[in-house]
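# Reading the structure
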Amino acid sequence: MREPPEANDLRAWQSVFAASLLRAGAIMPDRQAVHRNNTRASLSSALAARFPVVRRLVGPDFFRAMALCFIERQPPRSPVLAEYGAGFAHFLDGFAPAREVAYLADVARLEWARHLAFHAEEAAALSIERLTAVAPDRLEQVRLGLHPAASVVASAWPVVSIWTTNAHDQEVRPLGDGAGSECALVTRPELHVLVSALPAGSDRLVAALAEGNGLAEAVARAATVEGFDTATALSVLFRSGAVASLSVGSFHSMELS
Amino acid sequence: MTADRRPQRGLGAGAGLKPEHYRDILEGRPGVDWFEVHAENYMGAGNGAGGPPHVFLERIRARYPLAVHGVGLSIGSADGLAPGHLARLAAVVARYQPLLVSEHLAWSTHAGVFLNDLLPLPYTDATLALVVRHVDQVQTALGRSILIENPSTYFRFETEQMTETAFLRELARRSGCGLLLDVNNVFVSAVNHGFDPLDYLADFPLESVGEIHLAGHAAIEMAGGEALLIDTHDRPVADPVWELFQALVARIGPRPTLIEWDAEIPTWPQLADEVERAARLLQEAREWTYRSSVLSHAVGEEGTRCAATGR
């Protein structure tokens, strides 16, 4: 459909105005710059609210400068502000000024996972008794369905410890030299989002379950990782509310409950 | 048949619903008439549209009437409306069955990029045709009429062909939409452009007003010492805005009125005080309208009797 010429004028003006709202060095008359401040400040506040530990790690001024770079390069593509920030962790991977804080991007990954868990669909979480009630000779046939809020962030850094001490502790606990990689489990069995530490290799276990593999196959894939411990992994998964369904063979748990 | 003209307690004074107040509201059951939510805050994130926002909103919706206020549809985009976002708005409306649905006379998205601000439009025939088409599209998608809100503006366009009030009157007439009259926005724009807010209200198509908004604003000083008001929603409603509101409802009678407080969120009692103040002014307007209607009714009957007896 052809637009009258004035409508083309409006589109051209909106295009120029939109670009100047996002660009760092744009020069605008004061009254128009109100909108530029609104756009940049509100988006930067939205990121600060979504990534509070990242902000604490680098400080509010550095965070704001970093957020404005991100906003300019990857402005929101959706009017649902809760969807903004999916690319922030990846952006931090390549953000040279923050390179010294090597674990920053993984902390952002964990905070984004918590955010998605907050908005995930509701489901009832299963207790581990459902697993222990399965006859030992049928354990090989068990299939587990993940809770919609559950996800894993595996890091070469002690991401759970870093997040926990910066999110909850009164004083930040220094991490010893021995602090190594950690695998974070994010869940929301009810109203509150939980972060738990899983044994190394558990990300493979959870990924295999998410692909629809049986428990035996998922355990086999994780077991090749040094430090993986099946009993601990399953205990943490159930206790944190990461499992929403269990079936043995073709008999689905939904039919049992 | 005599219409019941006694003062009715309808959808009176309400508050913008904030997560910070979910528990106060559910535990204290305050005597607020209704709540309004921003539609975009209940559209989820990623693939999920669950979690605490919906758990609490469903509980509150079970006890109070609700209005849905869209802040991201970008009705003034020359690009056209985003069909995906319109579908998500329709889903929120279907899920919560609000009494009122509103959006803004503004644009906020261009070429798929969301700018997270309500940006102004030049009031031209071309803009009017565009906005009428978009409002029609929204009303068709939702299967109901919506209210469109007057904006706060900071600058004007040289190309304008009509006033904001004339634009809104034509928009309401052509699209069949109602209007949400934000009294704070009227005041902010009046100060910023140097017009009398009472003149604006006198020109406003008041018969289309289905809802009123009240909020706080800030003043900034620009280079050159000129003061500019900014629509911040981060503090109590200013006294001159209360006075304008009082004058407005004395003239048109009570309308559903909302206190918006979206930043620097206050405690619930502080917000409830603002709602209570609006409720008192609505009650005054209700009694005033009742007295006037009784009076005109009495005068009308007297006139009828005189006519019947041929005096």
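Per-chain numbering applies: the sequence of each chain, read as written, is numbered from 1 onward. To label them, take the chains in the order written and letter them from A, then take the ligands in the order written and number them from 1. In keeping with the model being predicted, local features are shown solely for residues with a pLDDT of at least 70 and side-chain atom pairs are shown and tallied solely at 80 or more, while totals for entire chains, interfaces and linings include all residues. Excluding hydrogens and water, the side-chain values take into account all heavy atoms of the structure.

## So, a positive patch on the surface
All names here are of chain B.
- Only residues whose relative accessible area exceeds 30% and that form no salt bridge are eligible for patches; like-charged ones are grouped when within 9 Å, while nonpolar side chains (Val, Leu, Ile, Met, Phe, Trp, Tyr) are grouped when within 5 Å. Only the protein chains shown count as covering a residue, and every accessible area follows the Shrake-Rupley method with a 1.4 Å probe. Criterion for a salt bridge: a side-chain nitrogen of Lys or Arg within 4 Å of a carboxyl oxygen of Asp or Glu. When charges are counted, neither His nor the chain ends are considered; positive counts come from Lys and Arg and negative counts from Asp and Glu. A charge is said to be at NZ when it belongs to Lys, at CZ for Arg, at CG for Asp and at CD for Glu. Together, Arg23, Arg29, Arg59 and Arg63 line one region of the surface with positive charge.
- Going along the chain from the N terminus, every DSSP run of H or I of four or more residues is numbered as a helix, and every run of E of two or more is numbered as a strand. Following the sequence through the fold, arginine 63 ends up in the loop between helix H2 (52–61) and strand S3 (66–69).
- Burial classification: accessible surface area is computed with a 1.4 Å probe over protein chains only, and a residue below 20% of its type maximum counts as buried, one above 50% as exposed, and the rest as partly exposed. According to the relative accessible area criterion, arginine 63 is partly exposed, its value standing at 40%.

## A few points about the domain arrangement of chain A
- Domains are outlined according to an automatic or database domain assignment. Partitioning chain A into domains gives domain 1 (1–101) and domain 2 (122–257).
- Its C-alpha centre places domain 1 of chain A at a distance of 36 Å from the equivalent point of domain 2 of chain A.

## With respect to the pattern of salt bridges
- For the structure on display, the rule yields 14 salt bridges over all chains.
- A salt bridge links arginine 221 of chain A to glutamate 211 of chain A; its shortest N-O distance comes to 3.2 Å. With arginine 221 of chain A in helix H10 (residues 215–223) and glutamate 211 of chain A in the loop between helix H9 (202–210) and H10, the pair connects residues that are 10 residues apart, well separated along the chain.
- Of the charged contacts, one joins arginine 173 of chain B and glutamate 170 of chain B as a salt bridge, the two residues approaching to 3.0 Å between their closest N and O atoms. Taken together, the residues span about one helical turn, with arginine 173 of chain B and glutamate 170 of chain B both in helix H5 (residues 164–175) at a distance of 3 residues.
- In this structure, a network of salt bridges that share partners links the residues Asp93, Asp106 and Arg109 of chain A.

## Some points on the sheet that holds strand S2 (residues 151–155) of chain A
Residue and element names in this part refer to chain A.
- Strand pairing requires that DSSP identify at least two bridges connecting the strands. Taken together, the 3 strands give an open sheet; going across it, the order is S2-S3-S4, and neighbouring strands pair in antiparallel fashion. One side of each edge strand has no neighbouring strand; the edge strands of this open sheet are S2 and strand S4 (194–198). Across the sheet, the mean angle separating the axes of adjacent strands is 25° when strand polarity is ignored.
- Sheet analysis places S2 next to strand S3 (residues 182–187), joined by 5 bridges and oriented antiparallel. Each residue of the ladder has a partner; that of valine 152, found in S3, is leucine 185.
- Pairs of residues are marked as contacts when any of their non-hydrogen atoms sit within 4.5 Å. Axis definition: a line fitted to C-alpha atoms, over the contacting stretch in the case of helices. Angles run 0 to 180 degrees between N-to-C directions. Packed onto the sheet, helix H8 (residues 159–167) meets S2, S3 and S4 and runs at close to 55° relative to S3.
- On the sheet, H9 packs against S2, S3 and S4 and is oriented at approximately 150° with respect to S2.

## Details of the pairing of strand S11 (residues 227–230) of chain B
All names here are of chain B.
- Where strand S10 (residues 218–221) meets S11, 4 bridges bridge the pair, whose relative direction is antiparallel. When the sheet's bridge partners are listed, glutamate 221 is paired in S11 with alanine 227.
- The loop that links S10 with its antiparallel partner S11 comprises 5 residues; one of these, glycine 224, has a positive phi angle of about 100°.

## Side note on the environment of proline 254 of chain B
Residue and element names in this part refer to chain B.
- Relative to the helices and strands, proline 254 is located in the loop between helix H8 (239–252) and strand S12 (257–260).
- Judged by its relative accessible area of 27%, proline 254 is partly exposed.
- For the pair formed by proline 254 and arginine 286, sequence separation is 32 residues and the distance between their alpha carbons is 5.9 Å.
- Discounting chain neighbours no more than four positions away, the residues touching proline 254 are Val249, Leu282, Ala285, Arg286 and Thr289.

## So, the confidence of the model for chain B
Residues and elements named next belong to chain B.
- Confidence scores per residue from the predictor, reported as pLDDT, run from 0 to 100. Per-residue pLDDT for chain B has a mean of 92; in total, 93% of the residues score no lower than 70.
- Contacts of residues 1–9 to residues separated by more than four positions or lying in other chains number 11 contacts, the stretch itself having pLDDT below 50.
- Every residue in residues 306–311 scores below 50 in pLDDT, and together they form 1 contact with partners more than four places removed in sequence or on other chains.

## Concerning the interface of chain B and chain A
- Listed by partner, the interface residues are 50 residues for chain B and 40 residues for chain A.
- Summed over both partners, the interface of chain B with chain A comes to about 3800 Å²; 62% of that surface belongs to carbon and sulfur atoms.
- Summed over the shared surface of chain B and chain A, the number is 3 salt bridges.
- A salt bridge links arginine 31 of chain A to glutamate 226 of chain B, with the nearest nitrogen and oxygen atoms 3.0 Å apart.
- The term polar contact refers here to a pair of N or O atoms within 3.5 Å; inside protein, the definition further demands a hydrogen-donor-capable atom paired with an acceptor-capable atom, and it admits residues adjacent in sequence only when both atoms are side-chain atoms. If you look at where chain B meets chain A, you find 18 residue pairs in polar contact (both at pLDDT 80 or more).
- Elements represented by at least two residues in the side of chain B that touches chain A include exactly H2, helix H3 (83–96), strand S5 (107–110), strand S6 (113–119), helix H4 (125–142), helix H6 (183–193) and S11 of chain B.
- For the side of chain B that touches chain A, the element with the highest residue contribution is S6 of chain B, accounting for 7 residues.
- Gly is placed with the polar residues, together with every amino acid not listed as nonpolar (Ala, Val, Leu, Ile, Met, Phe, Trp, Tyr, Cys and Pro) or charged (Asp, Glu, Lys and Arg). Class assignment of the residues belonging to the side of chain B that touches chain A gives a composition of 27 nonpolar, 16 polar and 7 charged. What counts as buried area is the accessible surface, traced by a 1.4 Å probe, that two parts surrender upon association, with contributions from both included.

## Observations concerning the packing of aromatic side chains
- Any two rings among Phe, Tyr and Trp, with Trp reduced to its six-membered ring, count as a pair given centres within 6.5 Å; such a pair is stacked if its planes are under 30 degrees apart, edge-to-face if over 60, and tilted if neither. Applying the stated criterion across every chain, the model contains 23 aromatic pairs over all chains.
- Note on phenylalanine 195 of chain B and tyrosine 200 of chain B: the rings are 5.8 Å apart at their centroids and 15° apart in plane angle, and the pair reads as stacked.
- An aromatic cluster of three or more residues is present, and its members are Phe51, Phe62, Phe63, Phe70, Tyr84, Phe88, Phe91, Phe95 and Trp112 of chain A.
- The cationic tip of arginine 59 of chain B hangs over the ring face of phenylalanine 56 of chain B; the distance from NZ or CZ to the ring centre is 5.5 Å. Sitting over a ring, as applied to charges here, requires NZ of Lys or CZ of Arg to be within 6 Å of the ring centre and within 35 degrees of the ring normal.

## Points about the sheet that holds strand S1 (residues 13–16) of chain B
All names here are of chain B.
- Ordered in space as S1-S2-S3-S4-S7-S8-S9-S12, the 8 strands form a closed barrel in which the pairing is parallel. For this sheet the average axis-to-axis angle between neighbouring strands, irrespective of direction, equals 30°.
- In this structure, strand S8 (residues 178–182) lies alongside strand S9 (residues 209–215), joined through 4 bridges in parallel fashion. Looking at the pairing, leucine 181 lines up with isoleucine 212 of S9.
- Strands S8, S9 and S12 of the sheet are contacted by H8, whose axis makes an angle of about 165° with S9.

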